[in-house]
Amino acid sequence: MNIRSADYLSGNINRKKNKMANFKITLLTFLFVSTTLLTFGQNSKIEIPAFNDKYSKYVQQLENGDLDIDYTDFRSSFLDSKQFSKKGKVYDSLKKEVFTAIKNKNYQGVLNLTKAMLSIDYTSMFGHKYLQQTYKILGDTVNKKKYHDIEFGLLNSLTGSGDGKSCETGWHVTQIEEEYFILSMLGAQLQTQSISTGGKNMCDKMVVKTEEGETKTYFFEANIIFEQERKLFEK
């Protein structure tokens, strides 16, 4: 066997290994999501994290119906909790499934999926939004109000942190997902995204097109996010 043939064979084997590895990851994600949905289909409850930290206590308090909390501190507490490391591909897969369930008017499916999402990240405004909207459709006014108020407690803690008009006065975000949620609530379509600085802030600068066809620019102060990325690179 010549060198070129050996290289080709080696490359072919590596490609097959990579495909197999990707298949295993996809299969594990699918099995995890399927198991999660089966569990939630049976008891339909949001799981309280068992870490007994500030974040876990906040989740327990909110699930008990005591909504008078510091939502800014709550959002930050998620980053400091061990629960934060559990957010990843499974959460993203559940999020995609929510849109499918909504399209098919599978309301029980939406309940199960959003509760599974909130069991991973209870600060998810996306999860609370579609959970409360589904409860409204189903006529459950108590739960509709509860999760609506939590959603807007989180939302107001974000929009009340600035005006989004400059990097110095940008909205303070703790996760990238919060930026896109705000844009969706504004009905804005992202055109370009770049990093900007202003004062002590590092920001995501979002140029968008509004529903009226106007071009606007919004700034999200993302110091916490950039600091998290810096720590990851240092590991």
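Structure: above.
Just so we're clear, the structure is a prediction, and the values are computed from it rather than from any experiment.

**Focus: the overall build of the chain**
Inference 1: Counting its secondary structure elements, the chain contains nine helices and four strands.
Inference 2: Helices and strands appear in the chain in the N-to-C order α-α-α-α-α-α-α-β-α-β-β-β-α.
Inference 3: Split into buried and exposed, the 235 residues of the chain put 39% on the buried side.
Inference 4: The long-range share in the chain, meaning contacts at least 24 apart out of those at least 6 apart in sequence, stands at 53%.

**Quick word on the pairing of strand β4 (residues 215–221)**
Inference 1: Of the pairings in the sheet, the one linking strand β1 (residues 171–172) to β4 comprises two bridges and is parallel in character. Across the sheet, His172 pairs through a bridge with Glu221, a residue of β4.
Inference 2: Where strand β3 (residues 201–209) lies against β4, seven bridges are found, and the strand directions are antiparallel. Bridging from a neighbouring strand, Val208 pairs with Lys216 of β4.

**Details of the pairing of strand β2 (residues 189–198)**
Inference 1: Direction of pairing for β2 relative to β3: antiparallel, over a ladder of nine bridges. Its bridge partner being in β3, Ser194 is matched across the sheet by Lys205.
Inference 2: Hairpin connection between β2 and β3: a loop of two residues separates the two successive antiparallel strands, and Gly199 in this loop has a positive phi of roughly 65°.

**Remarks on a nonpolar patch on the surface**
Inference 1: On the surface, Ile176, Tyr180 and Leu190 cluster together to form a nonpolar patch covering roughly 230 Å² of accessible area.
Inference 2: On the secondary structure map, Ile176 appears in helix α8 (residues 176–186).
Inference 3: Given the relative accessible area of 33%, Ile176 is considered partly exposed.

**Concerning the pattern of salt bridges**
Inference 1: Scanning the entire structure with this criterion turns up seven salt bridges.
Inference 2: When the shortest N-O distance is used, the salt bridge between Lys54 and Asp73 registers 3.3 Å. With Lys54 in helix α2 (residues 54–63) and Asp73 in helix α3 (residues 71–80), this pair connects stretches of sequence that are 19 residues apart.
Inference 3: What makes Lys54 partly exposed here is its relative accessible area of 48%.
Inference 4: A salt bridge links Lys145 to Asp149; the shortest N-O distance between them is 2.6 Å. With Lys145 and Asp149 both in helix α7 (residues 141–159), this residue pair falls four residues apart, about one helical turn.
Inference 5: Judged by its relative accessible area of 25%, Asp149 falls in the partly exposed class.
Inference 6: Each of Lys87, Lys95, Asp121 and Glu177 takes part in salt bridges that share partners, so that together they form one network.

Cut-offs and rules
Residues numbered from 1 in each chain as written. Predicted model: local features only at pLDDT ≥ 70, side-chain atom pairs only at ≥ 80, totals over all residues. Heavy atoms only, no water. Helix = DSSP H or I, 4+ residues; strand = E, 2+ residues; numbered from the N terminus. Buried < 20%, exposed > 50% of the residue type's maximum accessible area, 1.4 Å probe, protein only. Contact = heavy atoms within 4.5 Å. Pairing = 2+ DSSP bridges. Patch = residues over 30% accessible without salt bridge, like charges linked within 9 Å, V, L, I, M, F, W, Y side chains within 5 Å. Areas by Shrake-Rupley, 256 points an atom, 1.4 Å probe, with all protein chains shown as cover. Salt bridge = Lys/Arg side-chain N within 4 Å of Asp/Glu carboxyl O.

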